[in-house]
Amino acid sequence: MVHIKATFGLTLVLALGAVSALGQAVKGQGSPAKPGAVEFLYPEQVTVEADKPAVVKLHFRVAEGMHINSHAPKDEFLIPTTLDFPDGTGVKLEKADYPVGGEYSFPGDPGSKLSVYVGQFEIEAHIRAEKGNHLVEAKLRYQACNNAQCFPPRTAAVAVDVIGK
Amino acid sequence: MKRNTIVLGVVLFILATFAWAGWANFEYRQQAAQLRLASVDRGMLIADPQGGPPEYVSPLAGKPAPAFALEDLSGAKVALSSFKGKAVLINFWATWCAPCKIETPWLIELRNQYGPQGFEVLGISADDLDRNDAKRFSEEKDEIAQSATKMHIPYPVLIDGATLSDAYGGLDELPMSFYVDRNGVVVAAQMGLTSKSEIEGNIKKAMGQ
């Protein structure tokens, strides 16, 4: 009797294992989501002294598993990350300080080192704002890759409410 | 005797359970594959349940390669149809694509190796081109030419690949390669950086080896 119980128990375990294996196979199908690459994090609003130079730190995040070229990629044909403020918003971008990129090599080519941003990074925007409230819709141009593919150059919206006092 | 019968029944039940699971798994994969090929007009990556690299599924698999005639860097039109009878690797790349630069030397070596047996590579740049601005267009074309020269590409380099995006199932990720056999049928497709041996395997497939 004990033997029979043990056999039934084993059967149940194996059967559950088989069903679980089937479930896993089904769950494994499907295309992974398309990456968004870069997201502007903050600040949403800054207050600066009107008509005086000010520095605003803009924070960004690169999606996990992705990297983007730094502002100074090591290959002349790679597209650098650049920040651009539109004209006529009452806020002028006088200069941008970009972080130094980290080194990255693609699998299969450990010899070549690219300069990239991964994870979170910040750009120091040197601005001069006129008096008043200005909604600046700046753009960050970047070109992203993962460890096997590259995606066409894109721009991320960088919306900041700049208050000049 | 009674105990033996019960044990035999249990064993048969286990075997039947596994057989059912295997059959159901096979059926599901068959249906999923058919559904994918029938319903999608864009290529997609399919995750590997075992955790290996994802598989690129192209809607063009087993179908005639969409015809095209694009300009090469000298401005001459080059048609895919002019390579009929040859196995062709259609390789979409861009000047900004770092992994494309890793695989290009492999393509050159494989073209040198298999070219005499009736194999050709067509490198199609997917770089954006501004045809409404003649000066900008010329600069962009020069940049493609400089990049191709720097990589010592000996095979035809065509421009305006982005115009083939819909026909080839989307070119949102690069590099992207399609292997066309001697009858003009797509026998394999790859997205992203793979390996020289995988590329060579697909070239052999296109050559019927």
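Refer to the preceding data block for the structure.
In this text the structure is predicted, and so the values were computed from the model without any measurement.

**Re the overall build of chain B**
Counting secondary structure elements, chain B contains four helices and nine strands. Compactness check: chain B gives a C-alpha radius of gyration of 23 Å against a globular reference of 17 Å for 209 residues, more than 25% above the reference. Over its C-alpha atoms, taken along the principal directions, chain B stretches across nearly 90 × 35 × 30 Å. Sorting the 209 residues of chain B into buried and exposed places 49% on the buried side. By element, 56% of the accessible surface of chain B is carried by carbon and sulfur atoms, the whole surface being about 10300 Å². Of note, chain B has its 20 positive side-chain charges centred 9 Å away from the centre of its 24 negative side-chain charges.

**Digging into unusual backbone geometry**
Geometrically, the link from Tyr 42 of chain A to Pro 43 of chain A is a cis peptide bond, its omega value of 5° lying close to zero. With respect to the element layout, Pro 43 of chain A can be found in the loop between β1 (38–42) and β2 (45–48). With omega at 0°, the peptide bond leading from Leu 174 of chain B into Pro 175 of chain B counts as cis. Within the secondary structure, Pro 175 of chain B is located in the loop between β7 (157–158) and β8 (176–180). Phi at His 152 of chain B takes a positive value of approximately 55°, unusual for a residue other than glycine. Residue classification places His 152 of chain B among the exposed residues on the basis of a relative accessible area of 63%. Of note in the backbone geometry, Asp 160 of chain B takes a positive phi value of approximately 70° without being a glycine. Mapping Asp 160 of chain B onto the fold places it in the loop between β7 and β8.

**With respect to the nonpolar core**
Core analysis: the largest hydrophobic core is formed by 67 residues, its most contacted members being Phe 68, Ile 90, Phe 92, Tyr 168 and Phe 178 of chain B. A total of eight residues in this core trace back to one element, the largest contributor, which is helix α2 (residues 98–114) of chain B. If near-sequence neighbours (up to four positions away) are discounted, Phe 178 of chain B is found in contact with Tyr 56, Ser 58, Leu 60, Val 88, Leu 89, Ile 90, Phe 92, Tyr 168, Val 186, Ala 188 and Ala 189 of chain B. Counting 33 residues, the second largest nonpolar core, distinct from the first, contains Val 62, Ile 127, Tyr 142 and Phe 151 of chain A.

**Description of the state of the cysteines**
In the structure shown here, the tally under the stated rule is two disulfides over all chains. For Cys 145 of chain A, the disulfide goes to Cys 150 of chain A, at an S-S distance of 2.0 Å. The chirality of the disulfide connecting Cys 145 of chain A with Cys 150 of chain A is right-handed, given an S-S dihedral of about 95°. When sorted by exposure, Cys 145 of chain A lands in the same class as Cys 150 of chain A, which is buried. Across a sulfur-sulfur distance of 2.1 Å, Cys 97 of chain B and Cys 100 of chain B are joined as a disulfide pair. Torsion about the S-S bond of the Cys 97 of chain B and Cys 100 of chain B cystine: about 85°, corresponding to right-handed handedness. Comparing Cys 97 of chain B with Cys 100 of chain B shows no difference in burial state: the two are buried.

**Some points on the sheet that holds strand β10 (residues 132–142) of chain A**
Residues and elements named next belong to chain A. As summarised here, the arrangement of the four strands in space is β2-β12-β10-β5, forming an open sheet in which the pairing is mixed. Of all strands in the sheet, those bounded by a partner on one side alone are β2 and β5 (82–84). Here the strands of the sheet are splayed against their neighbours by 30° on average, with no regard to which way each runs. In terms of strand pairing, β10 meets strand β12 (residues 154–164) through eleven bridges, oriented antiparallel. By the bridge assignment for β12, Arg 141 is matched with Thr 155.

Reading the values: rules and limits
Residues numbered from 1 in each chain as written. Chains lettered and ligands numbered in written order. Predicted model: local features only at pLDDT ≥ 70, side-chain atom pairs only at ≥ 80, totals over all residues. Heavy atoms only, no water. Helix = DSSP H or I, 4+ residues; strand = E, 2+ residues; numbered from the N terminus. Rg over C-alpha atoms; globule rule 2.2 N^0.38 Å. Buried < 20%, exposed > 50% of the residue type's maximum accessible area, 1.4 Å probe, protein only. Areas by Shrake-Rupley, 256 points an atom, 1.4 Å probe, with all protein chains shown as cover. Lys, Arg positive; Asp, Glu negative; His and termini not counted. Charge placed at Lys NZ, Arg CZ, Asp CG, Glu CD. Core = buried A, V, L, I, M, F, W, Y, C linked by side-chain atoms within 4.5 Å. Contact = heavy atoms within 4.5 Å. Disulfide = S-S within 2.5 Å. Pairing = 2+ DSSP bridges. Axes fitted to C-alpha atoms, helices over the stretch in contact; angles between N-to-C directions.

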